Amino acid sequence: MTREVGHVRKPVVAVLGGKGMLGTDLVAACAARGFDVHSYDLPEFNITDTEHVRNVVETSDAVINCAAYTDVDGAETHAELAHRVNAQAVGCLGELAARLGKWVLHFSTDFVFDGTLERPYQETDSPNPINEYGRSKLGGEELLARSGCSYCLVRLEWTYGAYGSNFVTKTIERAKTGLPLVVVEDQIGSPTPTTLVAQAVCELLGQRAQGTFHLASAGYVSRFGMTQFVFERLGLDVDLRPCCSREYSAPADRPLNSRFDCSKIQALLKAPLEPWQQGLERFLRQL
Ligand SMILES: NC(=O)c1ccc[n+]([C@@H]2O[C@H](COP(=O)([O-])OP(=O)(O)OC[C@H]3O[C@@H](n4cnc5c(N)ncnc54)[C@H](OP(=O)(O)O)[C@@H]3O)[C@@H](O)[C@H]2O)c1
């Protein structure tokens, strides 16, 4: 399905969860690349409503799903809702896409892994989620694969952006209280800007890439090291103290190793994935 604009036929791209942190950047990136992009989000669009999803799939060439229940700690007490949004609705989207011959790009997470591996995770490594959010996202992966549609599954980690609450903005807010800040130093990953994800996804969209991919900035850092970087760059004088995950009480457990091996997706992208420091520095300058 394409819409004619002058002599050029623009592919119609639907972004579900288009008002969220990633969705907002993705809609802008798709529009800048010349796609006829349409954003769908609560309250008008609910991914758990099959009729809403059917209407979108029928009227689009490609569907990018950023809609998700993303409250990791909240999922421990709202597991049923997390599974409905992150798993069952994704399975339903896949079935409709299979029936109508449409391509779907869906996002998953490092939280499908238990984080015990002592090297960066590859796409072929076995998932073993350690919290409800991770289990719900793995459910979505499995149901999408089973649906038989043509799909691209992109696992992300440690994302931050201008249009949502995230680790970077929360850390800066907490620093403003003037209280000492304790941050875990045994969780390792790659801080990844949503703008980087949006650019990469536009390239995957152009290719209608298929399969499972890990996507993150290049290089790795601990949550503590990332926080130090933020405060140094912003010139904030904060009493920052390291701790271990087992000393830090949160409803949901987090994987210690969130490192991704991104060589599979890198082979499809025009430019090398930028180091995490570059993206974070740019984000902090724009705050
Ligand atoms: N942020 C990270 O660090 C991270 C890491 C790995 C993977 N991911 C994945 O990346 C994707 C995008 O996440 P994000 O960071 O952009 O999260 P986000 O800001 O929470 O965006 C999710 C969007 O989905 C919407 N939504 C929730 N329930 C819905 C429903 N039933 N129907 C329609 N829309 C619904 C939300 O609306 P409301 O705000 O109104 O609820 C929000 O606009 C998700 O698949 C997430 O699992 C994120």
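Numbers given to residues run from 1 along each chain, matching the order in which its sequence is written. Per-residue local features of the predicted model are confined to residues with pLDDT of at least 70, and side-chain atom pairs are confined, for both listing and counting, to 80 or more; whole-chain, interface and lining totals are unaffected and use all residues. Note that water and hydrogens are dropped before the side-chain values are worked out from all heavy atoms of the structure.

For this analysis, a nonpolar core means a set of buried residues of the types Ala, Val, Leu, Ile, Met, Phe, Trp, Tyr and Cys, connected via side-chain atoms within 4.5 Å. Note on exposure labels: buried denotes an accessible area under 20% of the residue type's maximum, exposed denotes more than 50%, and partly exposed covers the range between, all computed with a 1.4 Å probe on protein chains only. Ranked by internal contacts, the top residues of the largest apolar core, which has 39 residues, are Cys 30, Ile 64, Leu 105, Phe 107 and Leu 215. Among the elements of the structure, strand 2 (8-16), helix 1 (21-32), strand 4 (62-65), strand 5 (103-109), strand 6 (150-156) and helix 7 (194-207) are those that each provide at least two residues to this core. Runs of H or I in DSSP of at least four residues are treated as helices and runs of E of at least two as strands, each being numbered from the N terminus. Counting residues per element, this core draws most heavily on helix 7, which supplies 8 residues. Judged by nonpolar contacts, the second largest core, of 28 residues, contains Val 63, Val 72, Leu 96 and Ala 252.

By definition here, a salt bridge exists when the distance from a side-chain nitrogen of Lys or Arg to a carboxyl oxygen of Asp or Glu is within 4 Å. By the definition in use, this model includes 11 salt bridges. When the shortest N-O distance is used, the salt bridge between Arg 233 and Glu 281 registers 3.1 Å. Here Glu 281 lies in helix 10 (residues 276-286) and Arg 233 lies in helix 8 (residues 223-234), a separation of 48 residues in the sequence. Among the residues examined, Glu 281 registers a relative accessible area of 28% and is labelled partly exposed. Close ionic contact of Glu 274 with Arg 282 constitutes a salt bridge, the shortest N to O distance being 2.8 Å. Judged by relative accessible area, which is 31%, Arg 282 ranks as partly exposed.

An α-helical turn contains 3.6 residues, so any two residues separated by three or four positions project in the same direction. If you check which residues of helix 2 (residues 50-58) are buried, you get Val 53, Val 56 and Val 57. Along the axis of helix 2, the buried residues cluster in a sector spanning 95°; they form a single face. Contacts are assigned to residue pairs with any non-hydrogen atoms lying within 4.5 Å of each other. Considering only its buried residues, helix 2 is in contact with strand 2, strand 3 (36-40), strand 4 and helix 4 (79-100). With a side-chain oxygen positioned 3.0 Å from the backbone nitrogen of Glu 51, the residue opening helix 2 is Asp 49. Note that the arc is computed from the directions linking the helix axis to the C-beta atoms. In the analysis that follows, any N or O atom pair within 3.5 Å is treated as a polar contact, provided that within protein one partner can donate a hydrogen and the other can accept it, and provided that, for residues neighboring in sequence, both atoms belong to side chains.

The subject of this paragraph is helix 6 (residues 167-175). Within helix 6 the residues assigned to the buried category are Val 168, Thr 171, Ile 172 and Ala 175. Buried positions in helix 6, seen along its axis, are confined to an arc of 100° and lie on one side of it. Contact partners of the buried residues in helix 6: strand 7 (159-160), strand 8 (181-184), helix 8 and helix 10. Put simply, Asn 166 is the residue that caps the front of helix 6, since its side-chain oxygen is 3.1 Å from the backbone nitrogen of Val 168.

Glancing now at the packing of aromatic side chains. What counts as a ring pair is set by centres within 6.5 Å for rings of Phe, Tyr and Trp (its six-membered ring), and what kind of pair is set by the plane angle: stacked under 30 degrees, edge-to-face over 60, tilted for all other angles. Under the definition given, this model contains 5 aromatic pairs. Ring plane angle 65° and centroid distance 5.0 Å describe the contact between Phe 229 and Trp 276, whose orientation is recorded as edge-to-face. Here Phe 229 is found in helix 8, whereas its partner Trp 276 is found in helix 10, with 47 residues between them in sequence. Note on Phe 229: relative accessible area 7%, which makes it buried. Sitting over the face of the ring of Trp 158, Arg 223 holds its NZ or CZ atom 3.8 Å from the ring centroid. The ring of Tyr 220 carries the charged tip of Arg 259 above its face, separated from the ring centre by 5.7 Å. Either the NZ atom of lysine or the CZ atom of arginine qualifies as a charge over a ring when it sits within 6 Å of the ring centre and within 35 degrees of the ring normal.

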